[in-house]
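Topology and contacts: notes
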Amino acid sequence: MKNNSNNVRVILPQNKAQGFRDPCAVFSDGIYHLYYSLVQNEDDGQFFYLAESISRDLKNWTSPRILSPKGAEYNYSSPGNIFYRNNLYHMCIQTYPRRNGEVYGNENCRVFLIHSKDLVHWSKPEMIMVKGDVPVNNMGRMIDPYIVQTKDHFLCFYKQNGVSFSKSRDLIHWEYIGNCTDCGENVCVLKEKSDYYILHSPKNGLGLLRTQDFKTFENLGVITLNQSSYPWAKDRLTAGFILTLDSNHDNDVLFFHGDNESQYTFGASIAIIENWNFKKAFGCIL
């Protein structure tokens, strides 16, 4: 598979105190709003936060603005995507609890929604009850949500036994549909005519699936974007998010992060490629 690695640029490089992961973005009123997991090494431990940086030119970005409270029992992080409905922006996120010193988020990882009128001030997180009436303690570990609007429903995708999904008409009452397919984490779902494209993160690189019914899937391959050239992504290149800026996708922006855990676990940097067309990158028929 031919890699599209033109113009890869790191915009949030990791340092001794901070790692930057799981990007998602929205463009509004001339400003790019980038949300991500900020992994911060502090005197009393390592904590995850939901954070934001903004830019007007995709080159100069502000320092992280933390949007969530500190707490190993929360570790709010991994924004999936942002959509607009009923005069509000909605963003889906996860918790990644490590209250007992776990390396990775424990069985209490859940997915949430937050809301904003201005992309600056955000509401308190509300759990997405993706399993319907199933008690919270029985919902199982779930991370990396992404919500798609269809004509009749909202579809919430999340990492659980591959990628699972649920549907809702009102973002409050949810029906669990089940497991879609076995694929990686950090899914980003795009609709193109009758096709849905699922960008996901396998063990390394960016994978792409195509489906029309979420029952049968065509595997369109995995790309690694010339990873060996980037020391900041030496351990893993992952968590792709496509910011769609036009219907032809020729001006889209790919955000992703690269792992370099030589200094600490979850060390990572966020990078972008401008004018990135996912179909061309994966060799899809246009």
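Model, not experiment: these values are computed from the prediction.

1. Side note on the overall build of the chain
- Helices and strands together make up the secondary structure of the chain, namely 1 helix and 20 strands.
- In the chain, which comprises 286 residues, the share counted as buried stands at 58%.
- For the chain, the proportion of contacts with a sequence separation of at least 24, taken over those separated by at least 6, is 48%.
- For the chain, the exposed area adds up to about 13000 Å²; of that, 46% sits on carbon and sulfur atoms.

2. Thoughts on the packing of aromatic side chains
- Counted by the stated rule, this structure contains 19 aromatic pairs.
- A centroid spacing of 5.7 Å and a plane angle of 90° characterise the contact between Tyr76 and Phe112, whose relative ring orientation is edge-to-face. Residue Tyr76 is located in the loop between strand 5 (65-66) and strand 6 (82-85), and its partner Phe112 is located in strand 8 (residues 111-116); the two are separated by 36 residues in the primary sequence.
- On the basis of an interplanar angle of 45° and a centroid distance of 5.3 Å, the ring pair of Phe157 and Phe214 is categorised as tilted. Of the two residues, Phe157 sits in strand 11 (residues 154-159) while Phe214 sits in the loop between strand 16 (206-211) and strand 17 (218-223), which places them 57 residues apart along the sequence.
- In this structure Phe157 comes out as buried when scored by relative accessible area, which is 1%.
- In textbook terms, an aromatic cluster arises when at least three aromatic residues are bridged by ring pairs, as seen for Phe48, Tyr96, Tyr104 and Phe266.
- Across from the ring centre of Tyr176, 4.8 Å away, lies the NZ or CZ of Lys131, which sits over that ring.
- In this arrangement the basic side chain of Lys191 is found over the ring face of Tyr196, its NZ or CZ atom lying 5.1 Å from the centre.

3. Considerations on the pairing of strand 18 (residues 236-243)
- Among the 8 residues in strand 18, 8 count as buried, and that is most of the element.
- Two elements, strand 18 and strand 19 (residues 253-259), share 6 bridges in a ladder whose sense is antiparallel. Bridge pairing links Ile242 to Leu254 in strand 19.

4. Focus on the sheet that holds strand 3 (residues 31-42)
- Overall, antiparallel pairing links the 4 strands, which are arranged 2-3-4-5 in an open sheet. The two strands at the open ends of the sheet, each matched to only one other strand, are strand 2 (18-28) and strand 5.

5. Section: the nonpolar core
- Formed by 71 residues in total, the largest nonpolar core has its most connected members in Phe157, Phe255 and Trp276.
- With 5 residues, the top contributor of residues to this core is strand 3.
- In this view, Phe157 contacts Asp144, Pro145, Tyr146, Val148, Val163, Ser164, Phe165, Cys180, Val187, Val189 and Phe214; residues no more than four positions away in its chain are not counted.
- By size, the runner-up hydrophobic cluster in this structure holds 14 residues, among which are Cys92, Leu113, Ile128 and Cys156.

6. Some details on the sheet that holds strand 6
- Strand order across the open sheet formed by 4 strands is 6-7-8-9, with antiparallel pairing between neighbours. Two strands bound the open sheet, and with one partner strand each, they are strand 6 and strand 9 (126-127).

7. Description of empty space enclosed by the protein
- Scanning all chains against the criterion turns up 1 cavity of 30 Å³ or more.
- As for the largest cavity, its lining consists of 14 residues, and the residues nearest its centre are Pro23, Pro79, Gly80, Asn186 and Val187.
- At the level of elements, strand 2, strand 10 (143-149), strand 14 (185-192) and strand 18 are the ones that each hand at least two residues to the lining of the largest cavity.
- A breakdown of the residues in the lining of the largest cavity according to their chemical character gives 8 nonpolar, 4 polar and 2 charged.

Conventions used here
- Residues numbered from 1 in each chain as written.
- Predicted model: local features only at pLDDT ≥ 70, side-chain atom pairs only at ≥ 80, totals over all residues.
- Heavy atoms only, no water.
- Helix = DSSP H or I, 4+ residues; strand = E, 2+ residues; numbered from the N terminus.
- Buried < 20%, exposed > 50% of the residue type's maximum accessible area, 1.4 Å probe, protein only.
- Contact = heavy atoms within 4.5 Å.
- Areas by Shrake-Rupley, 256 points an atom, 1.4 Å probe, with all protein chains shown as cover.
- Phe/Tyr/Trp six-rings, centres within 6.5 Å; stacked < 30°, edge-to-face > 60°.
- Lys NZ or Arg CZ within 6 Å of the ring centre and 35° of its normal.
- Pairing = 2+ DSSP bridges.
- Core = buried A, V, L, I, M, F, W, Y, C linked by side-chain atoms within 4.5 Å.
- 1 Å grid on protein atoms, 1.4 Å probe; cavity = no way out; pocket = protein on both sides within 12 Å on 5 of 7 lines; lining within 4 Å.
- Points joined across faces, edges and corners; volume = space filled by probe spheres on them.
- Nonpolar A, V, L, I, M, F, W, Y, C, P; charged D, E, K, R; others polar.

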